[in-house]
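Each chain, written out:
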Amino acid sequence: MTATQDRPTAEIGRDRRRKEDQRLITGRTRWTDNIALPGMLHLAMVRSPFAHATITGIDTEAAAGAPDVVAVVTGRDLADVQGSIPTAWNITTDQKSPPHPAMAVDRVAFAGEVVAAVVARSAAAARDAAELVDVDYDEHPAVLDLKKAADDSTLAHPDLGTNKSAFWQFDSAGAGTGGSIDEAIEQARSGGILIEREYRQQRLIPAFMEPRSFVCDPNGEQLVLWSATQIPHITRFFLAAVLGIPESKIRVIAPDVGGGFGGKLQFVPEEIITVLVARRTGKPCKYTETRSESLMAAHHGRDQWQRLTLAADSEGTVTGLKVDLLCDLGAYAGTVGGGVPILGAFMYNAIYKFPAYQFNCTNYYTNKTLTDAYRGAGRPEATFAIERLMDELAAEVGVDPLEIRERNWIGHEEFPFSTVAGLEYDSGNYEAATAKAKESFGYDELRAEQRQRRESGDRVQLGIGISTFTEMCGLAPSRVLGALNYGAGGWEHAQVRMGGTGKVEVVTGASAHGQGHETAFSQIVADRLGVPFEDVEVLHGDTQISTKGYDTYGSRSLVVGGEALVRAADKVIEKAKPIAAHLLEASADDIEFESGRFSVRGTDQGMGLAEIATAVFAAHNLPDGIEPNLDSEATFDPVSFSYPHGTHLCAMEVDTETGEVRMRKYTCVDDIGNIINPLIVAGQVHGGLVQGIAQALWEEAVHDEAGTLVSGSFVDYLLPTSADTISFDIDHTTSPSTTNTLGTKGVGEAGTIASTPAVVNAVVDAVRHLGVTDVQMPCTPERVWRAIHADGAGGSTEGAAMPHFDDAEPGRDSTEGAGA
Amino acid sequence: MVRISLDVDGDHVSDEVEPRMLLVQYLREKLGKTGTVVGCDTSNCGACTVHLDGRSVKSCNVLAVQADGHEVTTIEGLADGDELHPVQEAFRECHGLQCGFCTPGMIMQAIDVLNEHPQPTEEEVRLGLEGNLCRCTGYHNIVKSVLYAAEHSGSTAGAGGAQ
């Protein structure tokens, strides 16, 4: 039975309006900052203004004496209890990680690090008094530039002796998945094409709209923490580890959470400080960050330099790719920060048949805010690089960029396909998605207009950008995570609880932060059990209710969490079947289940699931030895990833005199397998697109020479607005995933992964005839103008030689077990 | 402390507040109207948008004392019992929200835009919402929601609630 044949049709695939919306549009939402407990105290953090300094003294007297202040807590006060904030992902067994105290004790390693907390009866009083805490610092040289970090001339953590955290390599020849990159490059040098480029993945800020907020009540039988987090279950585990108390004594609640994008996928200093202070004062405590604090101290994303060498024959058939990465971890190893580039390692070959591949990654510490997962995590960086390179290859060969992709991609008849990076792609059809996108976009007409504008020397030139992408979703098979040294598993847990009236409670470990789980999961269970959509209630985000789970990231909620739900629902049916047979006085072998009804084969006798639930609740007449309980649970550990793909086409207009760029049209066709709710999927695509477009055009976290975040408010960190963006043309093709029953692939990150290269390719394409071959992100008018007007053009706007790349360590192999 | 009297969502309230207290703090902390939220410190994000005498204002940019003698409408005062305001209905219909954090401010601003442009163009909607940031929707469905509200409720989309 295939996934599609097995897929019921009543609810799945339907544009259901979201269950969540009623409370969200009427202002009855349960944000963490809305929580007010009797006697609750408020925290304000005192943060280091310096990127690297020794704390020589903290005078708390004035702050402690301020009105309504209850306590002032310093790092020294917490030194014995705070431990070190754990990281979940040491990418190699010899990874170096500096201790990461929640509150700095004697040294700060980035501007924004917490050095003290003021506890007061109101948030305003706490903030006022925080200004009175007088901290003396002895400032040290800071390492702020990723390239300079590599030479160890200045150390982010002198005790570590180096800025290097870890080196990680994947080599196809060594792994047995492909040929030798050195041979491919050598051959390309003599008679083929060799393209060497360097791209910068600028530092970005996730900038979820709801600032992080934590409330801790330390006084019940259990310690209760409300947290604006994506990871309540993982947070409970970390809290238990840091506090040294059993998980059963900890309850973490993620109520409504206002966006995350990976930005709330960390166990953070402010969270544990709130808990420690609540335990110390014996009072409920709340900390809600300001936006400035959020931008400065909540983790950042991307921040990599990529050096790429693409080898091809003279026809443009790729023969090998070498990737050398430098990654900025910031001041400490974050929850999954070190692993972000590793997630990308498997995606550089994208949808193409590369015979040889080598990936070398070195992670460094600097005196800046931590970097960690941000929408797509590693995969946008990889997709950007390869899609930019394919455009450069097309220019070198002198063919249309779509043509060069066709020459290299995996044909739809070749699936399942084992890639050079060691993954097995289960399904896909790049030809179909591309053909559909091309037609909807009006590709040929726009190319004609582009030619006309070039010929007439129009001041405003038109560029067309292409991005054909794939990603690995459904993170992740636990055995793969283990092979990659990740410290946790990738399963998901679900329960289906049948009420006596036939109403259904569904519990998922995939905690939501705005994606619409309550609706999509209701649709799945309604179909599976044949009950009305309205009769399904989805519960999540409370470790007391959803007792097990791995939360939400990496587009795993539906692919992994949804499959767990399907399996739990199927168990309900299996449990109900012998009861139905008993009540219908038939043999269990003769009982069929369809659309919520058990019937005796070949007769008109039958009864609904709700009737059986009521009979079980009463338990007056059940078969011998059957327990009166239809509830079921399932834990699903995926056997493989899922691989969404798509073709994105973007038209950009570039004013050659001002460098201003304007988006004209954006069309995408994504193949995300079967779709549960098209309305929700469209919303995810739209939002993802704008986040990726924003990296291409606007967003960048900028530090000054002292290590202070210059883009420290929404005045300086340019989130796109409604006036900056356009409406999109989106469509789908469907190649169901074969690795889960629903045939779904995941969509949360697709737009972000695909859109960045599509936009930059379009910007470069608009002015390529003027000699431009690159514009570094974000493509601000100044950068675009400089690229056009640079002497001789033809070059990147920044980033020339990178001698230290030659210092990579190709001899070391830390890839044991890497690959899927 | 300063005494203020005002109407909030149709209820008359009278209170003593610190002169520096912001309207958004007053609504959230003193009145428990937590539907209005704070997303930034710089009046850039618009999540705290409410109506002051029928016009949208960012309530982090208004002191509580400035609301003395005026009428304030928040997201919680828009629906008439179970009957949603047409703009709320449009946001639900067009999936104009995801995490929902910007949504109260976005809806209040959208109503203001529709009051000014009862049958707006897409560009008028985009310009009218420029001061409200959303990180989830890419604005596509928010714009669609506002156009839907204009189309389906004529000139009444803007008016409503406790104005």
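> Explain the overall build of chain A to me, please; I cannot follow it from the model alone.
What chain A contains, in helices and strands, is 22 helices and 28 strands. Radius of gyration (C-alpha) of chain A: 28 Å, near the 28 Å computed for a compact globule of 820 residues. Dimensions of chain A along its principal axes, counting C-alpha atoms only, are 90 × 75 × 50 Å. Every one of the 820 residues in chain A was classed for burial, and the buried ones make up 64%. Considering only intrachain contacts with a sequence separation of at least 6, the fraction spanning at least 24 residues in chain A is 80%. Within the structure as shown, chain A displays about 27300 Å² of accessible surface, and the carbon and sulfur contribution to it stands at 47%. In chain A, 69 side chains carry a positive charge and 114 a negative one; their mean positions are 3 Å apart.

> Even after reading the chapter, I still don't get the nonpolar core, so can you show me in this structure?
The nonpolar side chains of a soluble globular protein tend to be buried with one another. If you look at the biggest cluster of nonpolar residues, it comprises 132 residues, and the most contacted ones within it are Leu 239, Tyr 348, Tyr 357, Phe 359, Tyr 666 and Val 759 of chain A. With 49 residues, the next largest nonpolar core counts Leu 204 of chain A together with Cys 45, Met 106 and Cys 136 of chain B among its residues.

> Just to check I follow, could you spell out the environment of Trp 226 of chain A for this structure?
All names here are of chain A. Inspection of the secondary structure puts Trp 226 in strand 10 (residues 223-227). Accessibility expressed as a relative area gives 17% for Trp 226, which makes it buried. Remark: the alpha-carbon pair of Trp 226 and Ala 51, spanning 175 residues in sequence, is separated by 30 Å. Not counting the four nearest positions on each side in its chain, Trp 226 is found in contact with Thr 32, Ile 35, Leu 37, Ser 213, Phe 214, Val 215, Asp 217, Ile 253 and Pro 255.

> Honestly, the pairing of strand 9 (residues 213-217) of chain A in this entry has me stumped. Any pointers?
Regular strands place their side chains on alternate faces of the sheet. All names here are of chain A. Burial runs high along strand 9: four of the five residues are buried. Bridge count between strand 9 and strand 10: four bridges; the pairing is antiparallel. What sits directly across from Val 215, in strand 10, is Trp 226.

> In this structure, what is going on with the side chain of Thr 519 of chain A? I would like to understand it.
Looking at the secondary structure, you find Thr 519 of chain A in helix 17 (residues 517-529). When sequence neighbours within four positions are dropped, the list of residues in contact with Thr 519 of chain A reads Arg 16, Arg 17, Arg 18, Lys 19, Glu 20, Phe 533, Asn 677 and Ile 680 of chain A.

> Could you clarify how one ought to interpret helix 12 (residues 379-397) of chain A in this entry?
Residue and element names in this part refer to chain A. Taking 1.5 Å per residue, 19 residues should reach 27 Å; helix 12 reaches 27 Å between its end C-alpha atoms and fits that length. Most of helix 12 sits inside the fold, with 16 of its 19 residues counted as buried. Residue Gly 398 follows helix 12 closely and has a positive phi angle near 85 degrees.

> Teacher, can you tell me more about the packing of aromatic side chains here?
Residue and element names in this part refer to chain A. Across all of its chains, the model carries 19 aromatic pairs over all chains by this definition. The interplanar angle of 35 degrees and the centroid separation of 5.4 Å between the aromatic rings of Phe 238 and Phe 267 together place this pair among those described as tilted. Separated by 29 residues along the polypeptide, Phe 238 in helix 8 (residues 232-243) and Phe 267 in the loop between strand 11 (250-253) and helix 9 (269-281) bring together distant segments of the chain. Each member of the pair, Phe 238 together with Phe 267, is buried. With a centroid separation of 4.7 Å and an interplanar angle of 45 degrees, the aromatic rings of Tyr 425 and Tyr 643 are classed as tilted. Of this pair, Tyr 425 sits in strand 17 (residues 424-425) while Tyr 643 sits in the loop between strand 25 (632-636) and strand 26 (645-655), placing them 218 residues apart in sequence. Taken together, the aromatic side chains of Trp 168, Phe 170, Phe 346, Tyr 348, Tyr 357 and Phe 359 make up a single cluster linked through ring pairs. Here the basic side chain of Lys 19 rests over the ring of Phe 533, its NZ or CZ set 4.5 Å away from the ring centre. It is Arg 556 that lies over the ring of Tyr 553; its NZ or CZ is 5.2 Å from the centre.

> Help me understand the interface of chain B and chain A, please; the structure alone is not making it clear to me.
The extent of an interface is frequently quoted as the accessible surface area lost upon association of the parts. Every contact between the two is made by 42 residues of chain B and, on the other side, 51 residues of chain A. Summed over both sides, the interface between chain B and chain A buries roughly 4000 Å², with carbon and sulfur atoms accounting for 55% of that surface. For the chain B face of the interface with chain A, the top three residues by lost area are Arg 92, His 95 and Arg 135 of chain B, together amounting to 20%. Inspection of the region where chain B meets chain A yields four salt bridges.

> What's the story with the sheet that holds strand 21 (residues 536-539) of chain A in this structure? I'm lost.
Strand pairing in a sheet relies on backbone hydrogen bonds. The paired strands run either parallel or antiparallel. Residue and element names in this part refer to chain A. Spatial ordering of the open sheet is given by 21-20-19-25, a layout of four strands whose pairing is mixed. Looking along the sheet, the strands with just one partner apiece sit at the ends: strand 21 and strand 25. In this sheet, adjacent strand axes meet at a mean angle of 15 degrees when their direction is disregarded. Sheet strands touched by helix 18 (residues 557-583): strand 19 (492-498), strand 20 (504-508) and strand 25. Its angle to strand 25, the strand with the most contacts, is close to 145 degrees.

> How should I be thinking about unusual backbone geometry in this particular structure?
All names here are of chain A. Cis peptide bonds are those with omega within 30 degrees of zero, and the linkage from Phe 415 to Pro 416 qualifies with -5 degrees. With omega at -10 degrees, the peptide bond leading from Met 777 into Pro 778 counts as cis. Secondary-structure assignment places Pro 778 in the loop between helix 21 (750-767) and helix 22 (781-789).

> Sorry if this is basic, but what is going on with the packing of helix 17 of chain A against helix 18 of chain A here?
Pairs of packed helices are described in terms of their axes, by the angle between the two and the distance that separates them. Residues and elements named next belong to chain A. In the contact formed by helix 17 and helix 18, the axes pass within 10 Å of each other and the chain directions differ by 35 degrees. Every pair of crossing elements has a handedness; the one defined by helix 17 and helix 18 is right-handed. Packed against helix 17, whose contacting residues are His 517, Phe 521, Ile 524, Val 525, Arg 528 and Leu 529, the element helix 18 presents Ser 557, Leu 558, Gly 562, Leu 565, Val 566, Ala 569, Asp 570, Val 572 and Ile 573 at the interface. By residue class, the composition of the contact of helix 17 with helix 18 is 10 nonpolar, three polar and two charged.

> Can you help me understand the side chain of Thr 362 of chain A in this one?
Residues and elements named next belong to chain A. Note on placement: Thr 362 falls in strand 15 (residues 357-364). Overall, Thr 362 belongs to the buried group, its relative accessible area being 7%. What Thr 362 contacts, discounting residues up to four positions off in sequence, is Lys 164, Ala 166, Phe 167, Leu 325, Leu 326 and Cys 327.

> Looking at this structure, how should I read the sheet that holds strand 27 (residues 661-671) of chain A?
Residue and element names in this part refer to chain A. What the four strands build is an open sheet, ordered 18-26-27-28; its pairing is mixed. For this open sheet the edge positions go to strand 18 (460-470) and strand 28 (729-733), each flanked by a neighbour on one side alone. Direction aside, neighbouring strands of the sheet carry axes that sit 15 degrees apart on average. Both strand 27 and strand 28 contribute to a ladder of five bridges, which runs parallel. Note on strand 28: the bridge partner recorded for Val 669 is Asp 731.

> How should I be thinking about the pattern of salt bridges in this particular structure?
Charged atoms that come close allow side chains of opposite charge to pair. Residues and elements named next belong to chain A. Counting across every chain of the model gives 62 salt bridges over all chains. The partner of Arg 388 in a salt bridge is Glu 392, with the nearest N and O atoms 3.2 Å apart. Of this pair, Arg 388 and Glu 392 both sit in helix 12, four residues apart, which is roughly one turn of the helix. Residue Glu 392 is classed as buried on the basis of its relative accessible area of 2%. Note that Glu 563 and Arg 567 form a salt bridge whose closest N and O atoms lie 3.0 Å from each other. With Glu 563 and Arg 567 both in helix 18, this residue pair falls four residues apart, about one helical turn. The class of Glu 563 is buried, set by a relative accessible area of 0%. Through salt bridges with shared partners, one network takes in Arg 47, Arg 212, Glu 270, Glu 289 and Glu 293.

> Looking at this structure, how should I read the confidence of the model for chain A?
Taken residue by residue, chain A gives an average pLDDT of 94. The fraction at 70 or more is 95%. Confidence drops under a pLDDT of 50 for residues 1-8 of chain A, and excluding neighbours within four residues, the segment shows 15 contacts in the predicted structure.

> Looking at this model, I keep getting lost on the environment of Ala 254 of chain A. Mind explaining?
Residues and elements named next belong to chain A. Relative to the elements of secondary structure, Ala 254 occurs in the loop between strand 11 and helix 9. When the C-alpha positions of Ala 254 and Gly 541 are compared, they lie 4.8 Å apart, and in sequence the two are 287 residues distant. Leaving out residues up to four positions away in the same chain, Ala 254 has contacts with Ser 227, Thr 229, Pro 232, Ser 511 and Gly 541.

> So what exactly am I meant to see when it comes to helix 13 (residues 401-408) of chain A here?
Three- or four-residue spacings in an α-helix give side chains the same orientation, since the helix completes a turn every 3.6 residues. Residue and element names in this part refer to chain A. For helix 13, the complete set of buried residues consists of Pro 401, Leu 402, Ile 404, Arg 405 and Asn 408. Mapping the buried residues of helix 13 onto a view down its axis gives an arc of 160 degrees, with all of them on the same face. Residues of helix 13 that are buried sit in contact with strand 14 (318-328), helix 12, helix 14 (430-441), helix 15 (443-456), strand 18 and helix 21. Its side-chain oxygen at 2.8 Å from the backbone nitrogen of Leu 402, Asp 400 defines the N-terminal cap of helix 13.

> Looking at this structure, I do not really get a negative patch on the surface. What am I missing?
A cluster of like negative charges, contributed by Asp 59, Glu 61, Asp 134 and Asp 136 of chain A, occupies part of the molecular surface. Take Glu 61 of chain A: it is sitting in helix 2 (residues 61-64).

What counts, and at which threshold
- Every chain begins its residue count from 1, and numbering advances along the sequence as written.
- Labels are handed out in written order, letters beginning with A for the chains and numbers beginning with 1 for the ligands.
- Per-residue local features of the predicted model are confined to residues with pLDDT of at least 70, and side-chain atom pairs are confined, for both listing and counting, to 80 or more; whole-chain, interface and lining totals are unaffected and use all residues.
- Each side-chain value is worked out from all heavy atoms of the structure, with water and hydrogens disregarded.
- A helix here means a DSSP run of H or I that spans at least four residues, while a strand means a run of E at least two residues long, and both kinds are numbered starting from the N terminus.
- It is over C-alpha atoms that the radius of gyration is taken, and the globule rule equals 2.2 Å times the number of residues to the power 0.38.
- Only protein chains enter the accessibility calculation, which uses a 1.4 Å probe; a residue whose area is less than 20% of its type maximum is buried, one above 50% is exposed, and one in between is partly exposed.
- Contacts are residue-level and defined by heavy atoms, with any inter-residue pair within 4.5 Å sufficient.
- Each accessible area is a Shrake-Rupley result for a 1.4 Å probe, and residues are judged covered by the shown protein chains and nothing else.
- Positive charges are assigned to Lys and Arg, negative charges to Asp and Glu, while His and the chain termini are left out of the count.
- In plain terms, the charge of a residue is placed at NZ if it is Lys, CZ if Arg, CG if Asp and CD if Glu.
- The term nonpolar core refers to a set of buried residues drawn from Ala, Val, Leu, Ile, Met, Phe, Trp, Tyr and Cys, joined through side-chain atoms within 4.5 Å.
- Here, a strand pair is defined by DSSP locating no fewer than two bridges between the strands.
- One fewer than the residue count of a helix, multiplied by 1.5 Å, yields its expected span.
- Stacked, tilted and edge-to-face pairs are distinguished by plane angle, under 30 degrees for stacked and over 60 for edge-to-face with tilted covering the rest, among Phe, Tyr and Trp rings (Trp via its six-membered ring) whose centres lie within 6.5 Å.
- When the NZ atom of lysine or the CZ atom of arginine is within 6 Å of a ring's centre and also within 35 degrees of its normal, the charge is said to sit over that ring.
- In short, buried area is how much 1.4 Å probe accessible area vanishes from two parts on joining, totalled over both.
- Here a salt bridge means any side-chain nitrogen of Lys or Arg lying within 4 Å of a carboxyl oxygen belonging to Asp or Glu.
- Under this scheme, a helix contributes an axis fitted over its contacting stretch, all axes are lines through C-alpha atoms, and angles between N-to-C directions fall in the 0 to 180 degree range.
- The crossing is said to be left-handed when, going from far helix to near helix, the turn is anticlockwise and less than a right angle, and right-handed when the turn is clockwise.
- All amino acids are sorted into three groups, where Ala, Val, Leu, Ile, Met, Phe, Trp, Tyr, Cys and Pro are nonpolar, Asp, Glu, Lys and Arg are charged, and the leftover types, Gly among them, are polar.
- The pLDDT value tells you how sure the predictor is about a given residue, anywhere from 0 up to 100.
- The directions considered for the arc are those from the helix axis to the C-beta atoms.
- Whenever a nitrogen or oxygen atom comes within 3.5 Å of another N or O atom, the pair is scored as a polar contact, on the condition that within protein one atom can donate a hydrogen and the other can accept it, and that pairs from neighbouring residues in sequence are kept only if both atoms are in side chains.
- Any residue with relative accessible area above 30% and no salt bridge may belong to a patch, with like charges joined within 9 Å and the nonpolar Val, Leu, Ile, Met, Phe, Trp and Tyr side chains within 5 Å.

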